[in-house]
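Residue-level listing of the chains:
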Amino acid sequence: MSRDPRLTIARREFGALTSEKTIVLALLIQLFVAGFSSFLVVGLVSMYDPGSIDGASVDVGLVGDDGDAVADSLADVDGLDVRQYAEESSARSAFQDGRVDALLVVSEDEDGRVLIRASVPDSGVRSTYTVVQLRDGLEALERDRRAALSDRLSFEPLALPEEASASPYFGFTYTVLVPLLCFLPVFISGSIAVDSVSEELEHGTLELLRAAPITLVDILDGKLLTAAALAPAQAALWLGLLAINGIPVANALPVLALVAAVAAAIVSLGIAIALLAPDRRQAQLVYSVGVLSVFVVASLLPEHPANTVAKLAIGSPTGTTWTLVGGYAVAGVMGVTLVRVAVGRLSIDALGGDR
Amino acid sequence: MGGSDASGPATEGLIVELRKLLRIARWEVATSTGTVDRRTVVILAVALLAAGAAAPALTAGGGGLDDGIYRVAVEEDHPYHDAVVERDTLRVVGTEASADLRIGADGVDAADSRKGDAALGELRDAVQSYNVRRLRAESDRAAAFPVLVELTFVDRGGVSVDIDDGASGGTGSDGDGGGDATGGDSSDGADGSNGSDGTDGTGGSDDTGPPGDGTGGAGSDTGDGGDVGTGGGPLPIPNLGGGGGVQEGTPADISAPFPFGPLVLAFLFVVPMNFVIQAYGSTIMDERRNRRGELLLVAPVTRVDVVGGKTLPYVGAVLGITIAVAALVGAGALAVAAVVPIGLLFLALTFLAAMFARSYKELTFVTVSISVFVTTFAFVPAIFTDVTPIALISPLTLVVRDLQGTGVGLGGFVFATGPSLVASAVLFGLGVGVYREEDMFTQRPVHLKALDALAAWIHAPWQVAATTALLLPFVFVLELLAVAILFALPLSVSLPAILVLVALIEEVAKSIHVYAAFEHERFERSVRSGLVLGAASGAGFFAAEKVTHAVQLVGLDQLEVGQAAFTPTSGVGPLLAVGLFLAPLALHTATAAISALGAVRGPRRYATGLSVAILVHAGYNLGVILLVT
């Protein structure tokens, strides 16, 4: 058994969290949010990126003067099946019956441009997919036509590099999912600290501690330790799970250090708010609005914290990234020091009692 | 009080009651606004102002979350150099070994990793948009952009209805009446700009995103729901559902309709509610702290007065916020009427949570869970607004329909809002049941308190049947949510999953209060009382299910997944139909009896009995589906 009262208090805090199963609930919420945003993005990406849907192709009905050239360009694009019709009426009825997903009527304007009137059914998700496919095809057509007219242009369009077989989720994983899983625990930890402190205040239990051989600073140290240690622990858990699922996170230790530093700063902020606010309701309100605005204001930094995490996790940190990590460490230490100094000056009398 | 007129004293009593309720409501408003001190207001204002001032930096360029994540080694005189520099996600580094892409005279060399592949994809997009930007400066527009596209969204009618063909009793609003091409008329007026990629006008505009941009922008939106509403100027409501009329321009100008408009709506309507429920949870919790609520309990008012009075101001707040948001996005009365049930569900769940929670920390987490659940419930089905009648499960769909101007029938409205309303009423009822001294001021785990709340209403077998019937809205909401989430999966996965889930939900609803009653020694622990209660519960479920066969109204049973959840009784012979009609009664009483028999002997046996009941139920559902199809 340790003799340090701070550790005793920290252990008690942690015990309260586990006995109420709040940690389980917190982990479940994070898992749910992460799963939900992944579900959304997988849905989005599979619509914006035709390659990730197997075998689903868009049937395009084509009619008009210069149809053959257009059909040739469109046919080169994966996921587009072109059917040419001689008569506009038959093409239109095929479209109305749902035999083709899109209808293109081709003509030429006075400048010699290809004019395409495209009709796409208005049916939510499916029409998004159709439009994306169609746009790819039309861009290919544009490139072909432009190349034929290149002598009239002063700028020669650059040749595109080869198409990559990139996983469409790659960028999302590192720029959204990993930062989300790193900062959500921080937010939750701060919230725990706010609740824990305002509970003591509103129950008037801090007053009893005047009789105990510990100082207010010790108590708050214990609370701070629990809350601030929880965030990096959870982040470590998520990073580990990601690694098991084949998503390695580079610079894991610096990422966790960053999370720990930010957590220390945010938890200190939470404790300060809880001590100053008149009741729990206002403390929580000020805390959540405050943290949200800190998150927004942080975009004035050369790198948003989420971008810093993304760069570290994906393995492309810059000098700025490392400077900022150092900065967060300083901010964390400063936050903790400030709160401890301020608390040391408070007397329990000023806080105790039922307000 | 003895009155000669039968109705006189009744109305008089009602008025007295109402006056008491209003007095408590006034008191609640006075105490909660009175304690907000000036310092809090100032701090909040400063925080919001700071966020508002910095918001443009965050919203510009998709938040910069993916800035400079790929390293590219490219010489300054290489044609690709400018394209790389102008792309935010790519970063030029000196020719070092750590680069993800090396661009040299002999082509592009990507690192042999997933990151290298991703970087190559980015490079392709970057070059593409670089070309477009340079070509804009050309004088010969016809050669620079030799293809012009005019994209029209046509309401083809057949596509969205081919799922519910023939069963559209309640879904007449599905769009067949609407004209052609202009389904998005009213939403067009409301938004103007297309939040995710600013390609509103025709041609010309400088920032026409390259094809890949849509994904990035939308992705970051998902990540931090908090700042959806922070954009200055017009609200970034994307085109809802349909593409909204006609688009013109070069191929790159065409923007795909953003199908997740409901998400933005969900956040706009639901995020402010979170603040309301936080305050509401606190005030209910306050009553339980230091036995404060005891004063009100001994006052000459009923529990309903106290709870009603304390809740009324928050209902008002929800209503006010909803109206304000609706005005902001240009929605009408239908939208308000649709969102308020979500707000009531929020309040009811929070009330129950605050009655059960042991500490503020626990309350915080239960509240967050509630908000996640309700948001899912509101949002997920609404994705499919244009696709299937499934979307009507969510009241939010009504908002989307309202914005699109398609409207909805009375059946659809009741179907979308009814379950939430009834569920909120039942939850408040449960909470009021434990609004008494022995429950309010004791510390017990949440699940035991929940059992207390259920058992509080049960003293006789008929009450078991009634409680089962009242739990039906929850069964409904949960089953529909399960269908909505699973229906996107392939049938081979979704069908078995839905069979088991439905059985699980229904069996728990039929037996949990029976278990609670036994744990509270309301009935003798014997096989006989187990059988009686099981039969009562099964019969209650059967009766309620028959009364509320609203599923048929909206044609949900036409979906194959829907069929698994809601046993079909149409399209079969009369004898079989009668059998199918009565078979559920046998099933429900039998399975309820199985789990009730388990409940007689305590928690372990109850778990066993429940599992057996679920298996029997799932097997039965499977059998029916095989028999009918």
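Rules and cut-offs
- Residues numbered from 1 in each chain as written.
- Chains lettered and ligands numbered in written order.
- Predicted model: local features only at pLDDT ≥ 70, side-chain atom pairs only at ≥ 80, totals over all residues.
- Helix = DSSP H or I, 4+ residues; strand = E, 2+ residues; numbered from the N terminus.
- Buried ≥ 20, exposed ≤ 12 C-beta atoms within 10 Å, placed from the backbone.
- Contact = placed C-beta atoms within 7 Å.
- Pairing = 2+ DSSP bridges.
- Right-handed = clockwise from strand over helix to strand, strands pointing away.
- Core = buried A, V, L, I, M, F, W, Y, C linked by C-beta atoms within 7 Å.
- Domains from an automatic or database assignment.
- Expected span 1.5 Å × (residues − 1).
- Axes fitted to C-alpha atoms, helices over the stretch in contact; angles between N-to-C directions.
- pLDDT = per-residue confidence, 0-100.
- Parallel < 35°, antiparallel > 145°, perpendicular 65-115°, else oblique.
- Left-handed = near helix turned anticlockwise from the far one by under 90°.
- Nonpolar A, V, L, I, M, F, W, Y, C, P; charged D, E, K, R; others polar.

Looking now at the overall build of chain B. Counting secondary structure elements, chain B contains 24 helices and six strands. Burial analysis of chain B (629 residues in total) assigns 50% to the buried set. Contacts in chain B between residues far apart in sequence, at least 24 positions, make up 71% of those at least 6 positions apart.

Residues and elements named next belong to chain A. Counting buried positions along strand 1 (residues 58-64) gives six out of seven residues, so the element sits mostly inside the fold. When strand 1 meets strand 2 (residues 80-84), the two strands line up parallel, connected through five bridges. Paired with Val-60 across the two strands is Val-82, which belongs to strand 2. Handedness of the β-α-β unit built from strand 1, helix 3 (residues 67-75) and strand 2 comes out right-handed. Pairing analysis gives five bridges linking strand 1 to strand 3 (residues 102-108), with the strands arranged parallel. Opposite Val-60, over in strand 3, you have Ala-102 as the bridge partner.

With that settled, the discussion passes to the nonpolar core. Grouped together as the largest cluster of nonpolar side chains are 205 residues, with contacts concentrated most on Val-259, Ala-263 and Ile-271 of chain A. The element contributing the most residues to this core is helix 6 (residues 170-203) of chain A, with 18 residues. Those residues in contact with Val-259 of chain A that lie beyond four places of it in its chain are Cys-182, Val-186, Ala-231, Pro-232 and Ala-235 of chain A. Within the second largest apolar cluster, 40 residues are counted, among which are Val-60, Leu-74 and Leu-103 of chain A together with Val-132 of chain B.

Here we take up the domain arrangement of chain A. Segmentation of chain A into domains returns domain 1 (5-43 + 168-351) and domain 2 (50-152). Here the C-alpha centroids of domain 1 of chain A and domain 2 of chain A sit 52 Å apart.

Bringing helix 12 (residues 333-356) of chain B into the picture now. Every α-helix carries 3.6 residues per turn, so stepping three or four residues along brings you back to the same face. Helix length check: helix 12 of chain B, at 24 residues, gives a terminal C-alpha distance of 35 Å against a target of 34 Å (1.5 Å per residue), a fit within 8%. Judged by how many residues are buried, helix 12 of chain B sits mostly within the fold: 19 of 24 residues are covered.

All names here are of chain A. The backbone phi angle of Asn-251 is positive, close to 50°, even though this residue is not glycine. Structurally, Asn-251 can be placed in the loop between helix 8 (216-244) and helix 9 (252-276). Taking the number of C-beta atoms within 10 Å as the measure of exposure, Asn-251 has 20 and is therefore buried.

With that out of the way, let us pick up the sheet that holds strand 4 (residues 107-110) of chain B. All names here are of chain B. Read from one edge of the open sheet, four strands run 2-1-3-4, paired in mixed fashion. The open sheet has two free edges, formed respectively by strand 2 (90-93) and strand 4, since each of these has just one partner strand. Across the sheet, the axes of successive neighbouring strands diverge by a mean angle of 25°, strand direction being ignored. Two elements, strand 1 (residues 70-74) and strand 2, share four bridges in a ladder whose sense is parallel.

The next point concerns the environment of Ile-103 of chain B. Residues and elements named next belong to chain B. Looking at the secondary structure, you find Ile-103 in strand 3 (residues 101-104). As a C-alpha pair, Ile-103 and His-78 span 25 residues in sequence and 8.1 Å in three-dimensional space. If sequence neighbours within four positions are ignored, Ile-103 has contacts with Val-72, Ala-73, Val-74, His-78, Tyr-80 and Val-108.

Attention shifts here to the confidence of the model for chain A. Model confidence for chain A is summarised by a mean pLDDT of 79, while 87% of its residues fall at 70 or above. Scored below 50 in pLDDT, residues 50-54 of chain A makes eight contacts in the model with residues more than four places away or belonging to other chains.

As a further point, take the packing of helix 6 of chain A against helix 10 (residues 280-297) of chain A. Residue and element names in this part refer to chain A. As a packed pair, helix 6 and helix 10 sit with axes 10 Å apart at the nearest point and diverge in direction by 160°. With respect to helix 10, the axis of helix 6 lies roughly antiparallel. As helix 6 runs across helix 10, the sense of the crossing is right-handed. Each of Phe-187, Gly-190, Ser-191, Val-194, Asp-195, Ser-198 and Glu-202 in helix 6 lies in contact with helix 10, whose residues at this interface are Arg-280, Ala-283, Gln-284, Tyr-287 and Val-291. A class-by-class count of the residues in the contact of helix 6 with helix 10 yields five nonpolar, four polar and three charged.

Residues and elements named next belong to chain B. Looking at chain B as a whole, its pLDDT mean stands at 70, while 69% of the residues score no less than 70. Mean pLDDT across the elements of chain B bottoms out in helix 8 (residues 213-223) (31) and peaks in helix 12 (86). Note on residues 158-244: pLDDT under 50 across the span, and 208 contacts to partners over four residues away in sequence or across chains. Counting interchain partners and residues more than four positions distant, the pLDDT-below-50 stretch residues 552-558 has 32 contacts. Among the prediction metrics, the complex's ipTM stands at 0.78, with pTM recorded as 0.70.

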